[in-house]
Amino acid sequence: MDRQGLILDIFARRASSHIGKLQVELAQLQYLSTRLVRGWSHLERQKGGIGLRGPGETQLETDRRLIGNRIKQLGKKLDKQHNQKDLNRYKRKKGNKKIIALMGYTNAGKTTLFNALTNEKQYSANQLFATLDSKTSKASQDIGLGEILISDTVGFISNIPTNLIESFKATLDDLRSADLLLHVIDASDPEKTEKISQTQSIIKELSIDIPQILVFNKSDLLKKTGFEVMNNQNIVYISSTTQFGFENLKLKIHSALYGSMYKGWIKIPYKYSFIKYKLEELGFISEERNLKDYIKMRISIPEDHLLPLINKAYIQRV
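Scope of this entry: the structure provided in the associated data block. Everything quoted here is computed from the prediction, not taken from an experiment. Positions within a chain are numbered from 1, following the residues in the order the chain's sequence is written. In keeping with the predicted nature of the model, local features appear solely for residues at pLDDT of at least 70, side-chain atom pairs appear and are counted solely at 80 or more, and the whole-chain, interface and lining totals rest on all residues. Only hydrogens and water are set aside; all other atoms, that is, all heavy atoms of the structure, feed into the side-chain values.

Some words on the overall build of the protein chain
Numbering of helices and strands runs from the N terminus; a helix is a DSSP stretch of H or I covering at least four residues, while a strand is a stretch of E covering at least two. Across its full length, the protein chain holds 11 helices and 10 strands. Burial classification: accessible surface area is computed with a 1.4 Å probe over protein chains only, and a residue below 20% of its type maximum counts as buried, one above 50% as exposed, and the rest as partly exposed. Relative to its full complement of 318 residues, the protein chain shows a buried share of 44%. A contact between two residues is defined here by any heavy atoms of the two lying within 4.5 Å. Sequence-distant contacts in the protein chain: of pairs separated by 6 or more residues, those separated by 24 or more amount to 64%. Per-residue accessibility takes into account occlusion by the displayed protein chains alone, with areas from the Shrake-Rupley method and a 1.4 Å probe. Accessible surface computed for the protein chain: about 17,800 Å², of which carbon and sulfur atoms make up 49%.

This is the structure:
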């Protein structure tokens, strides 16, 4: 068994969802179709009789035809799954929901972080490719304004085979549709620098150009390994198991998603009260008062959300 065959065997053991199993089977068949050899000549079909065409298909040709047909069937099924996921992503974008995707090398602790941020109970373990099915859930922690969605994705590996990249299109689409990427790194891994480089190289090859925060996970193990902690506005050290550094992580996510913020009072005439309900739905309002001609509210809102409302004279700063 070569390296790619071993990776596919691990994938096959880990996949649990319907789409995950389809993706693994497609990758396995694509891998197998290029490795069929002419070892089946002894199973050629016998001649049928006078005037017939001869031996017919060899076993090799039969296998190739059956594999080709199955690859086409899987391609059609996956296309339907991708279309449904595309529709789901469109609905999320239309609802102005921010999406954060977790990415990184396999076994960096992405699923543990996902569970901590969403209160989900996805399977996580100290092993390669414990996660093979992307999952999106609403953030349970207060990390932004309005509803935030977190996507857990399949871990990367160095020199990832091309057909695996094609087969795991759903995971790549989750990354492309995100507003922010959290690049999760095992801070205690002696080879972390090389793995960061490998992951960034894959992202570059896939032409994914989305803002990133480097999240050094498992930082509670740093004392044992003696790594020096780096200070950078796009780097944060955390522990998903103890939730150390989560407040700093939330601040960095907030800044990356919303940029500069306006925190203060505004007033809205009653005839534009629909704006008030929208701000309330998005979680921007912290306090409000009903006065004679208008509603006065204390808000925390990104400047790029506020300026269009001011320009249309819906609201005024106080």
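There is more to say, and it comes next.
Considerations on the pattern of salt bridges
Criterion for a salt bridge: a side-chain nitrogen of Lys or Arg within 4 Å of a carboxyl oxygen of Asp or Glu. All told, the structure shown has 8 salt bridges when counted by the stated rule. The residue Glu 280 makes a salt bridge to Lys 276 at a minimum N-O spacing of 4.0 Å. Note that Glu 280 and Lys 276 are positioned in helix α10 (residues 273-281) at a spacing of 4 residues, about one turn of the helix. Since its relative accessible area comes to 42%, Glu 280 is described here as partly exposed. Its relative accessible area of 11% is what places Lys 276 among the buried residues. When the shortest N-O distance is used, the salt bridge between Glu 288 and Lys 276 registers 3.4 Å.

Here we look at the sheet that holds strand β6 (residues 235-237)
Strand order in the open sheet formed by 6 strands is β2-β3-β1-β4-β5-β6, with mixed pairing between adjacent strands. In this open sheet, the two edge strands, each paired with only one partner strand, are β2 (135-138) and β6. Across the sheet, the mean angle separating the axes of adjacent strands is 25° when strand polarity is ignored. Taken together, the 4 bridges between strand β1 (residues 98-103) and strand β4 (residues 180-186) define a ladder with parallel strand orientation. Pairing between two strands requires that DSSP report at least two bridges joining them. Only the contacting stretch of a helix is used when fitting its axis, a line to C-alpha atoms as for every element, and angles between N-to-C directions run 0 to 180 degrees.

Section: helix α4 (residues 110-118)
Of all 9 residues making up α4, 8 are buried, and the element is well covered by its neighbours. One or two positions beyond α4, positive phi appears at Asn 119, with a value near 65°.

Describing the sheet that holds strand β9 (residues 294-302)
Taken in spatial order, the 4 strands of this open sheet run β8-β9-β7-β10, and their pairing is antiparallel. Both outer strands of the open sheet, β8 (285-290) and β10 (316-317), are each paired with one neighbouring strand and no more. Bridge count between β8 and β9: 5 bridges; the pairing is antiparallel. When the sheet's bridge partners are listed, Arg 289 is paired in β9 with Lys 296.

Here we look at the packing of helix α1 (residues 3-14) against helix α2 (residues 18-33)
For the pair α1 and α2, interaxial distance at closest approach is 10 Å and the crossing angle is 155°. By the angle between their directions, the pair α1 and α2 is classed as roughly antiparallel. The handedness of the crossing between α1 and α2 comes out as left-handed. Residues Gln 4, Gly 5, Leu 8, Phe 11 and Ala 12 of α1 touch α2, and the partners they reach there are Val 24, Ala 27, Gln 28 and Tyr 31. A breakdown of the residues in the contact of α1 with α2 according to their chemical character gives 6 nonpolar, 3 polar and no charged. Here roughly perpendicular refers to angles of 65 to 115 degrees, roughly parallel to angles under 35, roughly antiparallel to angles over 145, and oblique to all remaining angles. Crossing handedness follows the turn of the near helix against the far one: under a right angle anticlockwise gives a left-handed crossing, and clockwise gives a right-handed one. Each residue gets one label: Ala, Val, Leu, Ile, Met, Phe, Trp, Tyr, Cys and Pro are nonpolar, Asp, Glu, Lys and Arg are charged, and the others, such as Gly, are polar.

Side note on the environment of Val 318
Here Val 318 shows up in the segment after β10. Along the backbone, Val 318 and Lys 267 are 51 residues apart, and their C-alpha atoms lie at a distance of 6.6 Å. Setting aside residues no more than four positions away along its own chain, Val 318 makes contact with Tyr 262, Trp 265, Ile 266, Lys 267 and Lys 296.

A closer look at the packing of aromatic side chains
Working definition: a ring pair exists when centres of Phe, Tyr or Trp rings (six-membered ring for Trp) sit within 6.5 Å. Plane angles under 30 degrees give stacked, over 60 give edge-to-face, the rest tilted. Under the definition given, this model contains 2 aromatic pairs. Measuring from centroid to centroid gives 4.8 Å for Phe 216 and Tyr 237, while their planes differ by 15°, and the two rings are stacked. With Phe 216 in strand β5 (residues 212-217) and Tyr 237 in strand β6, this pair connects stretches of sequence that are 21 residues apart. With a centroid separation of 6.4 Å and an interplanar angle of 85°, the aromatic rings of Tyr 272 and Phe 274 are classed as edge-to-face. In this structure, Lys 267 packs its charged tip against the face of Tyr 294, placed 4.8 Å from the ring centre. Note on criteria: charge over ring means Lys NZ or Arg CZ within 6 Å of the ring centre, with the direction from the centre no more than 35 degrees off the ring normal. In this structure, Lys 296 is placed above the aromatic ring of Trp 265, and the distance from its NZ or CZ to the ring centre is 5.0 Å.

Description of the nonpolar core
Here, the term nonpolar core denotes a set of buried Ala, Val, Leu, Ile, Met, Phe, Trp, Tyr and Cys residues that are joined through side-chain atoms within 4.5 Å. Membership of the largest hydrophobic core comes to 22 residues, with the highest contact counts inside it found for Ile 100, Leu 113, Ile 150, Leu 182, Val 215 and Ile 253. If you list the elements that add at least two residues to this core, you get β1, α4, β3 (148-152), β4, β5 and α9 (246-258). Take this core: its biggest share by element is 5 residues, from α9. Counting 15 residues, the second largest nonpolar core, distinct from the first, contains Tyr 262, Ile 268, Ile 275 and Met 297.

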